[in-house]
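Structural features, examined
Here is what each chain is made of, one letter per residue.
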Amino acid sequence: MHFFNKKISRLTLLCAAFATATAWAEISWPQTPAAQLAKQRLEAFNTGDAANLQAFKTAHEPDMQLERELAFRQMTGGFEALRVTQDNAGQVTVIIREQDGDRVGSMTLQLDDKDSTRVKSVSLKPMAIVPADLMPTRLSEHAAQQRLQSKAQKLLAEEQFAGNLLVARGGDIRLQQHFGDARRDPAHKNTANTQFRLGSMYKMFTAIAVLQLVERGQLRLDAPLVTYLPDYPNKTLAQQTTVRHLLTHTGGTGDIFTDEYQQQRLKTREHADYVRLFGHRASEFTPGSREAYSNYGYVLLGAVIERRTGQSYHTYVHDHVFKPAGMHATGAEPEEQVRTQLSVGYMHTEKGLVDNRDTLPWRGTAAGGGYSTTGDLQLFAQALLSGKLISAKTLTDATRSQTPSGLYGFGFQLGGEGTARHFGHVGGAEGMNGALRIYPATADVVIALSNMDPPAAESLVEYYGNRMPLVTTVTTQSK
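Quick caveat: nothing in here was measured; it's all calculated off a predicted structure. (Residues numbered from 1 in each chain as written. Predicted model: local features only at pLDDT ≥ 70, side-chain atom pairs only at ≥ 80, totals over all residues. Heavy atoms only, no water.)

Topic: helix 6 (residues 203-215)
As a reminder, the rule being used: By the criteria applied, helices consist of DSSP H or I runs no shorter than four residues and strands consist of E runs no shorter than two, each listed in order from the N terminus. Helix span, as expected, comes to 1.5 Å for every residue beyond the first. Think of it in three bands: with a 1.4 Å probe and only protein chains considered, a residue is buried below 20% of the maximum accessible area for its type, exposed above 50%, and partly exposed in between.
Compared with an ideal rise of 1.5 Å per residue, which puts 13 residues at 18 Å, helix 6 spans 18 Å between its outermost C-alpha atoms and is within 8% of the ideal. With respect to burial, helix 6 is a largely interior element, eleven of its 13 residues being buried. When helix 6 is considered as a whole, its buried residues turn out to be Lys-203, Met-204, Phe-205, Thr-206, Ala-207, Ile-208, Ala-209, Val-210, Leu-211, Gln-212 and Leu-213. Directly after helix 6, the chain includes Gly-217, whose backbone phi takes a positive value near 80°.

Section: the pairing of strand 9 (residues 352-355)
A regular strand places its side chains so that they alternate between the two faces of the sheet. Counted only if it meets this: At least two DSSP bridges between two strands are required for those strands to pair.
Where strand 8 (residues 346-349) meets strand 9, four bridges bridge the pair, whose relative direction is antiparallel. What sits directly across from Tyr-346, in strand 9, is Asp-355. Linking strand 8 to strand 9, which pair antiparallel, is a turn of two residues.

Points about the sheet that holds strand 6 (residues 172-179)
Rules: For helices, the axis comes from a line fit to the C-alpha atoms of the stretch in contact; other axes are also lines fit to C-alpha atoms, and the angle between any two N-to-C directions lies between 0 and 180 degrees. By the convention used here, residues are in contact when the closest approach between their heavy atoms is within 4.5 Å.
In spatial order, the strands read 6-5-14-13-12-11; together these six strands make up an open sheet with antiparallel pairing. Two strands close off the open sheet at either side, each with one partner strand: strand 6 and strand 11 (413-415). When the angles between neighbouring strand axes are averaged without regard to direction, this sheet yields 15°. Where helix 13 (residues 374-385) meets the sheet, its contacts fall on strand 5 (163-169), strand 6, strand 12 (422-429), strand 13 (432-439) and strand 14 (444-450), and the angle it forms with strand 14 comes to roughly 150°.

A word on the pattern of salt bridges
What counts is decided by this rule: We count a salt bridge whenever a side-chain nitrogen from Lys or Arg sits within 4 Å of a carboxyl oxygen from Asp or Glu.
The full count for this structure, using the stated rule, is 21 salt bridges. The shortest N-O distance in the salt bridge between Lys-39 and Glu-43 comes to 2.8 Å. With Lys-39 and Glu-43 both in helix 2 (residues 33-47) and four residues apart, this pair spans about one turn of that helix. A relative accessible area of 24% means that Lys-39 is categorised as partly exposed. Between Lys-393 and Asp-397 there is a salt bridge, with its nearest N and O atoms 3.2 Å apart. Taken together, the residues Lys-393 and Asp-397, both in helix 14 (residues 392-398) and four residues apart, mark about one turn of the helix. Several salt bridges share partner residues, and in doing so they unite Glu-141, Arg-169, Arg-174 and Asp-444 into one network.

Details of the packing of aromatic side chains
Heads up, the condition is: Side-chain rings of Phe, Tyr and Trp, where Trp is taken by its six-membered ring, are said to pair if the distance between their centres is within 6.5 Å; with planes under 30 degrees apart they count as stacked, over 60 as edge-to-face, and otherwise as tilted.
One pass over the full model with this rule turns up ten aromatic pairs. On the numbers, 5.8 Å between centres and 15° between planes, the contact of Phe-45 with Phe-79 is stacked. Taken together, the residues Phe-45 in helix 2 and Phe-79 in strand 1 (residues 79-88) connect sequence positions 34 residues apart. On the basis of relative accessible area, Phe-45 is assigned to the buried category, the value being 3%. Ring plane angle 85° and centroid distance 5.4 Å describe the contact between Phe-412 and Phe-423, whose orientation is recorded as edge-to-face. Here Phe-412, found in the loop between helix 14 and strand 11, pairs with Phe-423, found in strand 12; they are eleven residues apart in sequence, far enough to count as distant.

Comments concerning the sheet that holds strand 4 (residues 119-126)
Sheet architecture is open: four strands sit in the order 1-2-3-4, paired in antiparallel fashion. For this open sheet the edge positions go to strand 1 and strand 4, each flanked by a neighbour on one side alone. In this sheet, neighbouring strand axes are inclined to one another by 20° on average, regardless of whether the strands run parallel or antiparallel.

With respect to the pairing of strand 14
The buried fraction of strand 14 is high, at seven of seven residues. Of the two faces of strand 14, the one holding Asp-444, Val-446, Ala-448 and Ser-450 and the one holding Val-445, Ile-447 and Leu-449 are both buried throughout. Bridge count for strand 5 against strand 14 is seven bridges, and the pairing is antiparallel. When the bridges of strand 14 are listed, Leu-165 appears paired with Ala-448. Here strand 13 runs beside strand 14; their pairing, made up of seven bridges, is antiparallel. The partner of Ala-435 across the bridge, within strand 14, is Ala-448. The turn linking strand 13 back onto strand 14 is made up of four residues, and Ala-443 within it adopts a positive phi angle of 60°.

So, in structure tokens, the structure goes:
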């Protein structure tokens, strides 16, 4: 997401922190209406069978979105219930884990106020800090890398992953491996030079560009949008929404993947085109009062960068982010100018794996959609840690919690604590998935890029991150 695209994208973000433990038989389900309905709902969901979910919907949850549930089941592989943490009249909360991964979260089911056989709502939340007893055992570096490669091979065999992995420590690449095809023929295998679409991982570059301008006094975090886009169509939004709100998804600016956008997908080319399309739209909530992932918010940051620098967003980011970091294989050129090293994305459909190029935007934006390699992303990580792009103080601010959830900074997703604290970003949509994690205490960098559906790449990064040794004796300076 990414471009966090369409229905599946928000679920990817929702689960971005989702980590491992017990099995179904080991949990003791209370004999309460809420707990029993939660158990039945998880069982129906885990079958991945439309008829089972429809039966539960008919009997207990009329508002269930069946298509979304089935897509979510395919993406996650289902969930194990680990423990019930809250159970009272009309509501139950259960800690759950992905069946085939390490992501842990909580599911809260609330009963209808007037009918205890009906579900009023079901919500999922990732766990920013997972209890220690639910985490996998830490391994040696060699053992963790062996496990990672075995898991990647398993996903490759199941046609759930093709792509590249890279693990580095203190600037030294410790593992770099390639799996499967860049295009679905034997002549186009993935190599170290293969470029993959990044989706929302591009938001990191946008955030760094904004923070550079803040450091130079050309932007202010708490200045309203109208300061930099005085001709913005919706005056109220422009006066109430600040740069900080846009960076932290707290501006209520909404998404870009609407029916209106789909009708004009190939005509919507520059940031100004998106502003013309969505600029009259009101905020979804009072800016700063809530947190809701917003691709359009980052499009607006791209427009601000362009207005403030007098350059195109893509030129500015190339000159001030990619070039200083030594990144030569990263960009967001129009699809019609696609490079030969760029992989083709494949999405799972009822007809099997299908080329995703007909779903792509004309070109990437400040919200996502560009491309890169694992090697370039490792260079980006080292440039951040060594102070080449922004100061250490600004990086600290960017990578600490700036939102109510505690999971987002300025353009970076956050997780873990202590030496396991990490920052980075995931990205994905149909036929693309990627993830970067940077562990500042240990200078570990873990990257996976894939030309297949989420969550294969991000689950591999999570899998290794939860098992790697936490060694704090390395330097964070580039070598």
